[in-house]
Amino acid sequence: MAESDEKINKCLVLRGYGSYNKLQVQEKPIPKPAKDQIRVKVEACGINFAEMMACQGLYGINPNPPCVLGYEVAGVVDELGEGVTEPPVGTRVVAGCRYGGWSRYVTSAHDLVWPIPDDMSFQQAAAIPVNYLTAYVMLFSFGNLSSGQTVLCHMASGGVGCAVGQLCKTVPDVKVYGTCSASKNEAAKENGYTNLIDYRTQDYVKEIRKLEPEGIDLVLDPLGGAENKRNYDLTKTFGRQILYGSANVITGETRNLLRLARTWWNTSGTNPMDLMAHNKMVGGVHLGYLFDGFYKRIFPQAMAKIIQLFKEGIVKPQIDSVHSFENNNILFLHYNVISLVMPFGVCTRERTL
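Figured I'd write up the structure that's included with this text.

1. With respect to the sheet that holds strand β1 (residues 9-14)
Whether parallel or antiparallel, the strands of a sheet pair through hydrogen bonds between backbone atoms. Strand order across the open sheet formed by three strands is β2-β1-β4, with antiparallel pairing between neighbours. Two strands close off the open sheet at either side, each with one partner strand: β2 (23-28) and β4 (67-68). In this structure, β1 lies alongside β2, joined through six bridges in antiparallel fashion. Following the sheet pairing, L12 is matched in β2 by V25.

See below:
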């Protein structure tokens, strides 16, 4: 056991749905770890597209405001709850949490806390859980990616996109297609993408059909709206389309109800009989809902593999720039940012699309 030498818990609180003006740094009591929990003194916390949706009331799993968002942190084990014996107090760790990560002190289930290597920075660690677990679940737990198959991942230069490209390197002879702006092509290719389409100037469906007339084995679709149907059509026979977001509903700092309604209206529903006739699979991945308990079947093994791949130089979290913790308007300066990291006192922005 240990007692913190600090008396308050500094948190970034969402006071109501809207833009960054609804976020405020507040002081709260330091939480005590419950049975089977670990308290982490946070040195870096992640920010993802999910939190941007949550700020606009579009995500679903976080409590109603006022609340503290944040699904991933990195720091040092500060106190062990009843029934927990490891990792020892003082161990450098990364942790996942359903919400509450934008805080100086966070409590998390003991099996959602993992020691990190000495050469992994807190900033790197805080960029891993959401992006890399999402990619891992889609590629391997759900997608059953195997040698010689093709993958399409939109937003290839975003947080999940980078993770997908890197993890695909672990499977032989996989051809990875991605969409991103042309200025991000070089970085995306370094992460494992073999073919890239500039979604601003090219029709990705037409371009991919030229190279893969039968379609793609595994389509990872975070777009939403009319793009769902286009991605389904691009999925080959016996292929899988996995939905993991609805990025098209975010158009700026505040919620656009007209855009939200249009995206919902244009989102296609797939008739089960059509799935049978087309011999395809459609599924969805929402990491947040796995925190209810099912994570125990997936996350421990997945994180162990991801950390091992970091040691082997395959997993390389992409960090872009650093900003102050209080300067949280960086969240919306570029609303197409997929992931940020806030080292405590600063905020590190990852690559944009």
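2. Brief notes about the packing of aromatic side chains
For the coordinates displayed, the defined rule picks out three aromatic pairs. Between Y136 and F140, the ring centres sit 5.0 Å apart and the planes meet at 65°, which makes this aromatic pair edge-to-face. One end of the pair is Y136 and the other is F140, both in helix α3 (residues 129-142) and four residues apart, which spans about a single turn. With centroids separated by 5.6 Å and ring planes inclined at 75°, the aromatic side chains of F291 and F299 adopt a geometry described as edge-to-face. When its relative accessible area of 14% is taken as the criterion, F291 is described as buried. What links up through ring pairs into an aromatic cluster is the set F291, Y295 and F299. Between R92 and the ring centre of F122, over which it is positioned, the NZ or CZ distance is 4.6 Å. A cation over a ring is seen here: K280 above Y232, with NZ or CZ 4.4 Å from the ring centre.

3. Notes on the pairing of strand β6 (residues 92-96)
Here β6 lies mainly inside the structure; four of its five residues are buried. Two elements, strand β5 (residues 72-80) and β6, share five bridges in a ladder whose sense is antiparallel. Directly across from V73, in β6, lies its bridge partner A95. In this sheet, strand β8 (residues 113-115) lies alongside β6 in antiparallel orientation, the contact comprising three bridges. Bridging across to β8, V93 finds its partner in P115.

4. Overview of the nonpolar core
Among the nonpolar cores identified, the biggest contains 52 residues, and L139, V151, V164, L220 and F299 are the most heavily contacted of them. Sorting the residues of this core by element identifies α2 (122-126), α3, β9 (150-153), α4 (159-168), β12 (216-221), α10 (287-290) and α11 (299-311) as the ones contributing at least two each. Excluding its chain neighbours within four sequence positions, the residues that come into contact with V151 are L139, L145, V164, C168, V174, K175, V176, Y177, I216, L218 and L220. Among the nonpolar cores identified, the runner-up in size contains 34 residues, and I47, M53, C67 and V113 belong to it.

5. Digging into unusual backbone geometry
With an omega of 0°, the peptide bond between P65 and P66 qualifies as cis. Mapped onto the elements, P66 comes out in the loop between α1 (49-55) and β4. Each neighbour pair has its own omega, and for E86 with P87 the value is 0°, a cis peptide bond. For P87, the position within the fold is in the loop between β5 and β6. A positive phi angle, close to 60°, is found at D173, a residue other than glycine. Secondary-structure assignment places D173 in the loop between α4 and β10 (175-179).

6. A closer look at helix α7 (residues 227-234)
Every buried residue belonging to α7 is among N228, N231, Y232 and L234, and all of these are buried. Viewed along the axis of α7, the buried residues span an arc of 160°, placing them on a single side of the element. Packed against the buried residues of α7 are β9, α6 (204-211), β12, β13 (235-243), α9 (272-278) and β14 (281-284).

7. Here we look at the packing of α6 against α7
Between α6 and α7, the least distance of the axes is 11 Å, while the angle of their chain directions is 5°. Put simply, α6 runs roughly parallel to α7. In this structure, α6 uses Y204, V205, I208 and R209 to contact α7, whose residues at the interface are E227, R230, N231, D233 and L234.

8. Some thoughts on the pattern of salt bridges
All chains considered together, the criterion is met by 12 salt bridges. Between K32 and E79 there is a salt bridge, and its shortest N-O distance comes to 2.9 Å. With K32 in the loop between β2 and β3 (37-48) and E79 in strand β5, this pair connects stretches of sequence that are 47 residues apart. A relative accessible area of 52% places K32 in the exposed class. Note that R39 is salt-bridged to E79, the shortest N-O span being 2.9 Å. With R39 in strand β3 and E79 in strand β5, this residue pair connects regions lying 40 residues apart in the sequence. Exposure remark for E79: the relative accessible area of 4% places this residue in the buried category. The network of salt bridges with common partners includes K32, R39, D78 and E79.

What counts and what doesn't
- Residues numbered from 1 in each chain as written.
- Predicted model: local features only at pLDDT ≥ 70, side-chain atom pairs only at ≥ 80, totals over all residues.
- Heavy atoms only, no water.
- Pairing = 2+ DSSP bridges.
- Helix = DSSP H or I, 4+ residues; strand = E, 2+ residues; numbered from the N terminus.
- Phe/Tyr/Trp six-rings, centres within 6.5 Å; stacked < 30°, edge-to-face > 60°.
- Buried < 20%, exposed > 50% of the residue type's maximum accessible area, 1.4 Å probe, protein only.
- Lys NZ or Arg CZ within 6 Å of the ring centre and 35° of its normal.
- Core = buried A, V, L, I, M, F, W, Y, C linked by side-chain atoms within 4.5 Å.
- Contact = heavy atoms within 4.5 Å.
- Arc of directions from axis to C-beta.
- Axes fitted to C-alpha atoms, helices over the stretch in contact; angles between N-to-C directions.
- Parallel < 35°, antiparallel > 145°, perpendicular 65-115°, else oblique.
- Salt bridge = Lys/Arg side-chain N within 4 Å of Asp/Glu carboxyl O.

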